[in-house]
Amino acid sequence: MVKKQRVLDAGVFIEGGNLEGITPPAVAKETEVPPIVEIVAPNDTKLKAVMETAEKTGDLDVLSRADVEVLALALQIDGIVCTNDFAVQNVAKKLKLEVEGVSREISKEIKWCWYCPACGWKRARKGECERCGTETKRRPT
Ligand SMILES: [Zn+2]
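In every chain, residue numbers begin from 1 and rise along the written sequence. Thresholds applied to this predicted model are a pLDDT of at least 70 for local features of residues and 80 or more for the giving and counting of side-chain atom pairs; totals over whole chains, interfaces and linings are not thresholded and use all residues. With hydrogens and water set aside, each side-chain value is computed from the structure's full complement of heavy atoms.

Draft legend 1. Up close: the domain arrangement of the chain. Each assigned domain of the chain is listed here: domain 1 (6–100) and domain 2 (111–141). Note: domain ranges come from an automatic or database domain assignment. Each of domain 1 and domain 2 has a C-alpha centre, and these two points are 27 Å apart. Contacts were defined at the residue level, with two residues in contact if any of their heavy atoms lie within 4.5 Å. Contact with domain 1, which involves eight residues of that partner, is made by seven residues of domain 2. Two parts placed together each lose some accessible area under a 1.4 Å probe, and the buried area is that loss summed for both. For the domain 1 and domain 2 pair, buried surface summed over both sides reaches about 570 Å², with 60% attributable to carbon and sulfur atoms. Three residues stand out in domain 1 for area buried against domain 2, namely E32, P34 and P35, and they jointly supply 62% of the buried area on that side. A carboxyl oxygen of Asp or Glu within 4 Å of a side-chain nitrogen of Lys or Arg is what we treat as a salt bridge. Joining domain 1 to domain 2, the criterion identifies one salt bridge. Here E32 ties to R138 by a salt bridge, and the two come within 3.9 Å at their closest N and O atoms.

Draft legend 2. Local environment of the coordination of the zinc ion. Because water is not among the atoms used, a metal site may look incomplete, as its donors are only the N, O and S atoms within 2.8 Å, or 3.2 Å for Na, K and Ca. Within the protein, the zinc ion binds to C116 (SG), C119 (SG), C129 (SG) and C132 (SG); these donor distances fall in the range 2.3 to 2.4 Å. The coordination sphere of the zinc ion comprises four donor atoms, whose angles at the metal cover 105 to 118 degrees; the geometry is tetrahedral. All donors of the zinc ion come from a single chain, and their spacing in sequence reads C-x2-C-x9-C-x2-C. In this pair, C116 is assigned in the loop between β6 (112–115) and β7 (137–140) and C129 in the loop between β6 and β7, connecting sequence segments 13 residues apart. No difference in accessibility class separates C116 from C129, as the two residues are buried. Square planar and octahedral assignments, for four and six donors respectively, both demand that opposite donors be over 155 degrees apart and that all other angles lie between 65 and 115; tetrahedral needs four donors with all angles between 85 and 135 degrees, and anything else is irregular. A run of H or I in DSSP becomes a helix once it reaches four residues, and a run of E becomes a strand once it reaches two; helices and strands are each numbered from the N terminus. Accessibility here uses a 1.4 Å probe with only protein chains present; expressed as a share of the type maximum, an area under 20% marks a residue as buried, one over 50% as exposed, and anything in between as partly exposed.

In structure tokens:
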């Protein structure tokens, strides 16, 4: 059996969960996504399917754009949704998608560092890059 790919929601990055997987563009806008995680956009057909299902379950109002994209991407690749969000889990189940919670255990072991996404400066601090002035991003070391 082919191993299913994991689709990561924003909580994975915020809580420092297992980073193995892909994520949609709306999550990357919401939080800092480490460069090792590939960003893949879901197609319109799947986005529509997710919104229709969420409307039926009554979850549409509480889902963010990022949540909808995570679900649509998982639907598109038949992947596993990685989230601790109850509304997302609820819609995922309705879509017959596999769901995995974000483990908080790993977060204790992860150390974060700041880097510059523009010039690649690795000793950056939070805020502006001292080399080129671009806003720095965070990633696990
Ligand atoms: Zn820089």
